[in-house]
Amino acid sequence: MNPEPTSPGADADADARAESASPQAAGPADRAEAPTAADDAPRRVSRAALIFTLLTSATIFIATILARFHIDPIWDDAFMFQRYAYRILVEHRVAWNPGGEPTYGLTSPLFLLVSVPLRVLTRGNQALAVMLSSNLPAIGFVAAWIWLLYRGVVASPAAKKVALVITAYCLALSTLVDHAASGMETTFVILYATLYLVAATKAAAAGTTRGAVVAGVVGGLAFSVRPELSMFTLLIPFSLAVLGDRPEVKRVGRIALPITAGLIALNLLVNRLHFGTALPLPFYAKSLNLYGETIRKTYRGGTTNELLGFLGSFWPLFVAIGIDAVRLGRKYLRAVGPIELALLVATTILILYHWIFVLPVMAYSSRFYYPALPGLLYLAAQSIGRIAASLPRLDIGMATRHLAAAGAMAFLWLTLVPAAFKALKDASRMGFEGRMGRLDVDRHAKAEGPLKYWYKLDEVAKLPNSVVLASTEVGMLGVLVLDKTLIDLAGLHEKSLALAPLSGDRFFEQYKPDWIYMPHPDYAPMIESMRGAKAFAGYEEYKHTALGTKFFGVAIRKDSPHYAAMKALVAARATTVQPTRSPALAPAQ
C-alpha cells in the first residue's frame, strides 16, 4: 500500500518549486532541467491560461447561481427545512406540526444547523433562508475541496494543477449549480463529506491521537448528515486500521473506528427513543415500496437516467480513475492507499444502491449520487498524481511543456467560454427584469405557478389555525401554514403513514382533516383507498379539472366547523394571478 500523506502538503503556488519537486512527490516530467530565461514567456503563457481557465469556470458557477437567485428554482421540498426550523425556534423541538409528536422527517437533520441560523439572520424571510442554505455550502464545498487537494492528496504540484483544472471544468458545467440554487441539503452533504476527508487524511498523515479523535467524532456525525455517508466514515478508519502501512496509521484507524461506530450507534438509539424510529421516515417511502407498484412504474428508469446525467457531468473523473486502474492492472489495489480503497468500495456501494433500490422521487439533477462526489474527486486526483509520476521523461524542453499545457487548457475554452457568456447573459436578464433577489413566499403563493398546483393556496393559508390540512406535497404549503396542522399524506412527516401503506379508513379515523388537497395522481392506490373509505362520504370532493388546477383536486369535510369558510373558497374560481414559472414539484422528498 502506498502511504497516506505524510505532511500537510506542498506549496503548489510557486512554479519554480513545481518544476523541482522532490522525487517522492514528482514524476519524471517534473524532474526536468532548471528553468532558463527562454522559458519565461512560455511559463507566463501557461500561468495565464491556468488563471483564465479557473476564472472562466468560476464565472460560470457564480453567474449561474446569481441567475437563479430568485424563488422559482427552489425545490418544493426545500421549504420543509424551514418549517422544522420555525418549530425549533418556537417550541424548541424537532417536530412537523404545532404541538405534534417529535418527527424524524428529514433525511439530513443536521442540515438544521444551517436552516435555523439562516432563518434568524434573514428575519424570517423563508425563501431567502432556503436559497442561502444551498448557496453558502456550495461555495464552502469548493473551498474545502481546494484545501483537500493541496493538503491531502499525494501528487506533484503540476499534477495537482491538472486535477484542479479538471475539477473546475467539471463543476462549472455540471448539475452542481442546480443544487446550489435548489435550497436542498445536497451541497451541505458534499461539504461535510469533503471536510471529513480533510480530517481523515490529516489524521492519517499526522498519526496522532488528537487527529484520530477528531476524525472519529466528525465521522460519527455522518448518519445525521446523510445516512449513506456512514459507509464512508466507517470503512475509512477500518481500512486504516487493517491496511495502514505504518503502526501510527493503524493506530489512527483503531482509535477513530470505535468512536465513529459508537456515535452512529448512539444516534440510532436516540432516534429510536425520541422519534420512535431509528431511520428517517423518507427511507421507508423510497426503499420499502410504501406507495405500491403504480408509482414505481411512474419512475421506472429514473435512477438510470439520473446516473447517466451524473456520469455525463463528471466523466473526466471516472476516466482518470479508469486509466490509472487499467495502467496498473492487478497492481492497482496494491498501489492505492487505505483511504482510497475504502472510498472505492463505499462509492461503488452508494452508486449501486441508489441505482437499483431507491425510488427516485425528487431525484432531479442526479441528487442522490452527489454524496459520492468528494470521494470521486479525491480518487481522481490521486490517480492523476500516479499517472503523472509514471509518464516517461520526454526531452522536449520546459518551454514546450508549458505551451502544451496552455494548448490543452485552451481546448477546454471551446465549451467553457460559451457557457460563461450564457451564464452572464442569464444573470444580466434576471437583473434587468428585476427578478434577481425576488424571494417572497407570500407573494409567490399568489402567482400562477403555485396556484396551478394548490387551488387558492394563498387563501387557504388564511384559514383559522385550528383547521387541519392534508396533502402529498407539503413544502411551500408547509411554510405558508406554519401554525396549522398539516398532514403529509406521503408519510414523510407522519410516522403512522410511513410504516405502512395508507388505509383510508384508518387515516380518516385518526386525522379527520378539514381540507384535503387530493393526492398526486401518481399515488393511485392511495387515492383509491381514500375514496373507498366510509368516512369519505362526509366530504365534498372537487376534481382538479373543475378547479382548473394541474393535478390536485380538493375535498372538504362537511361537518367541519370551518365548512362555510372552505365552501366559500371552492364556490368561485380565482381570477387574478401573477405569471411565474411553476415550482419544482414531486410527490415526495
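Structure first, text after, so check above.
Summarised in this report is the structure supplied together with it.

The rules behind the values
- Residues numbered from 1 in each chain as written.
- Predicted model: local features only at pLDDT ≥ 70, side-chain atom pairs only at ≥ 80, totals over all residues.
- Heavy atoms only, no water.
- Helix = DSSP H or I, 4+ residues; strand = E, 2+ residues; numbered from the N terminus.
- Buried < 20%, exposed > 50% of the residue type's maximum accessible area, 1.4 Å probe, protein only.
- Contact = heavy atoms within 4.5 Å.
- Areas by Shrake-Rupley, 256 points an atom, 1.4 Å probe, with all protein chains shown as cover.
- Core = buried A, V, L, I, M, F, W, Y, C linked by side-chain atoms within 4.5 Å.
- Patch = residues over 30% accessible without salt bridge, like charges linked within 9 Å, V, L, I, M, F, W, Y side chains within 5 Å.
- Salt bridge = Lys/Arg side-chain N within 4 Å of Asp/Glu carboxyl O.
- Pairing = 2+ DSSP bridges.
- Axes fitted to C-alpha atoms, helices over the stretch in contact; angles between N-to-C directions.
- Right-handed = clockwise from strand over helix to strand, strands pointing away.
- Phe/Tyr/Trp six-rings, centres within 6.5 Å; stacked < 30°, edge-to-face > 60°.
- Lys NZ or Arg CZ within 6 Å of the ring centre and 35° of its normal.
- Parallel < 35°, antiparallel > 145°, perpendicular 65-115°, else oblique.
- Expected span 1.5 Å × (residues − 1).
- Left-handed = near helix turned anticlockwise from the far one by under 90°.
- Nonpolar A, V, L, I, M, F, W, Y, C, P; charged D, E, K, R; others polar.

A tally of regular secondary structure across the chain gives 28 helices and 5 strands. Split into buried and exposed, the 589 residues of the chain put 56% on the buried side. For the chain, restricting intrachain contacts to residue pairs at least 6 apart in sequence, the fraction spanning at least 24 positions comes to 76%. Looking at the chain as shown, the accessible area adds up to about 23,900 Å², and 64% of this sits on carbon and sulfur atoms.

Turning to the nonpolar core, a few remarks are in order. Here is a general trend for soluble globular proteins: nonpolar side chains tend to be buried in one another's company. Counting 156 residues, the largest nonpolar core has Tyr-291, Phe-507 and Trp-515 as the members making the most contacts within it. With 13 residues, helix H8 (residues 186-206) is the largest single contributor of residues to this core. Discounting chain neighbours no more than four positions away, the residues touching Phe-507 are Ala-470, Ile-487, Leu-489, Leu-497, Leu-502, Lys-512, Pro-513 and Met-530. By size, the runner-up hydrophobic cluster in this structure holds 11 residues, among which are Leu-50, Ala-406, Met-409 and Leu-416.

Take a nonpolar patch on the surface next. On the surface, Val-213, Val-217, Leu-263, Leu-266, Leu-269, Val-270 and Leu-273 cluster together into a nonpolar patch covering about 590 Å² of accessible area. If one sorts the elements of the nonpolar patch by residue count, helix H12 (residues 247-275) sits on top with 5 residues. Within the secondary structure, Leu-266 is located in helix H12.

With that settled, the discussion passes to unusual backbone geometry. Notably, Ser-366 is not glycine yet its phi reads approximately 60°, a positive angle. Summarising the element assignment, Ser-366 is placed in the loop between helix H17 (338-356) and helix H18 (373-390).

Among the secondary structure elements, Ser-471 is positioned in strand E1 (residues 468-471). By relative accessible area, which is 1% here, Ser-471 ends up buried. Not counting chain neighbours up to four residues away, the residues in contact with Ser-471 comprise Trp-454, Leu-477, Leu-486, Ile-487, Asp-488, Leu-489, Ala-490 and Tyr-517.

Turning our attention to the sheet that holds strand E3 (residues 515-517). As summarised here, the arrangement of the 5 strands in space is E2-E1-E3-E5-E4, forming an open sheet in which the pairing is mixed. Every other strand in the sheet has two partners, leaving strand E2 (485-488) and strand E4 (539-542) as the edge strands with one partner each. The mean angle between the axes of side-by-side strands here comes to 20°, regardless of whether they run parallel or antiparallel. Packing of helix H28 (residues 563-571) onto the sheet brings it into contact with E3, E4 and strand E5 (554-557), and relative to E5 it is tilted by some 155°.

So, on to the pairing of E1. Burial along E1 is two-sided: the residues Val-468 and Ala-470 and Leu-469 and Ser-471 are all buried. Relative to E2, E1 is paired through 4 bridges, and the arrangement is parallel. From the neighbouring strand, Ala-470 faces E2, where its bridge partner is Ile-487. Taken together, E1, helix H23 (residues 475-480) and E2 constitute a β-α-β crossover, and its handedness is right-handed.

Between side chains of opposite charge, pairing is possible as soon as their charged atoms come close. Applying the stated rule across the entire model yields 19 salt bridges. Among the salt bridges present, the one from Arg-327 reaches Asp-324, with a minimum N-O distance of 2.7 Å. In this pair, Arg-327 and Asp-324 both sit in helix H15 (residues 302-328), 3 residues apart, roughly one turn of the helix. Note that Glu-433 and Arg-435 form a salt bridge whose closest N and O atoms lie 3.8 Å from each other. Overall, the relative accessible area of 42% leaves Glu-433 in the partly exposed class. One continuous salt-bridge network, built from bridges that share partners, spans Glu-185, Arg-226, Glu-228 and Arg-367.

This part is about the pairing of E5. Burial along E5 is two-sided: Val-554 and Ile-556 facing one way and Ala-555 and Arg-557 facing the other are all buried. Sheet analysis places E3 next to E5, joined by 3 bridges and oriented antiparallel. From the neighbouring strand, Tyr-517 faces E5, where its bridge partner is Val-554. Taken together, the 4 bridges between E4 and E5 define a ladder with antiparallel strand orientation. Opposite Tyr-542, over in E5, you have Val-554 as the bridge partner.

Moving on, we come to the packing of aromatic side chains. Tallying each qualifying case throughout the model produces 25 aromatic pairs. Measuring from centroid to centroid gives 5.5 Å for Tyr-84 and Trp-96, while their planes differ by 50°, and the two rings are tilted. Linking Tyr-84 in helix H3 (residues 79-91) with Trp-96 in the loop between H3 and helix H4 (112-121), this pair joins segments that are 12 residues apart in sequence. Given the relative accessible area of 1%, Trp-96 is considered buried. Ring pairs connect the aromatic residues Phe-310, Phe-314, Phe-318, Tyr-369 and Tyr-370, which therefore count as one cluster. We note Arg-83 situated over the ring of Trp-96; from NZ or CZ to the ring centre the distance is 4.7 Å.

Moving on, we come to the packing of H15 against H17. Axes are the key here: two packed helices are described by the angle between their axes and the distance separating the axes. Relative to each other, H15 and H17 sit at 140°, their axes nearing to 8 Å. Between H15 and H17, the angle is such that the two are oblique. Contacts from Thr-303, Thr-304 and Leu-307 in H15 reach Ile-351, His-354 and Trp-355 in H17.

Mapped onto the elements of the fold, Ile-323 is located in helix H15. Here Ile-323 falls in the partly exposed class, since its relative accessible area comes to 46%. For the pair Ile-323 and Ile-387, spaced 64 residues apart in sequence, the C-alpha separation works out to 8.2 Å.

Okay, H17 next. Taking 1.5 Å per residue, 19 residues should reach 27 Å; H17 reaches 27 Å between its end C-alpha atoms and fits that length. Within H17 the residues assigned to the buried category are Pro-338, Ile-339, Glu-340, Leu-341, Ala-342, Leu-343, Leu-344, Ala-346, Thr-347, Leu-350, Ile-351 and His-354. Among the structural elements, H8, helix H11 (230-243), H15, helix H16 (332-335) and H18 are those in contact with the buried residues of H17.

This brings us to the packing of helix H2 (residues 40-67) against helix H6 (residues 157-173). Look at H2 against H6: their axes get within 8 Å of each other, and the N-to-C directions meet at 25°. Judged by the angle between their axes, H2 and H6 are roughly parallel. In this structure, H2 crosses over H6, and the sense of that crossing is left-handed. Contacts between H2 and H6 involve Leu-50, Thr-53, Leu-54, Ser-57, Ile-60 and Phe-61 on the former and, on the latter, Lys-161, Leu-164, Val-165, Ala-168, Tyr-169, Leu-171, Ala-172 and Leu-173. Its residues placed into classes, the contact of H2 with H6 shows 11 nonpolar, 2 polar and 1 charged.

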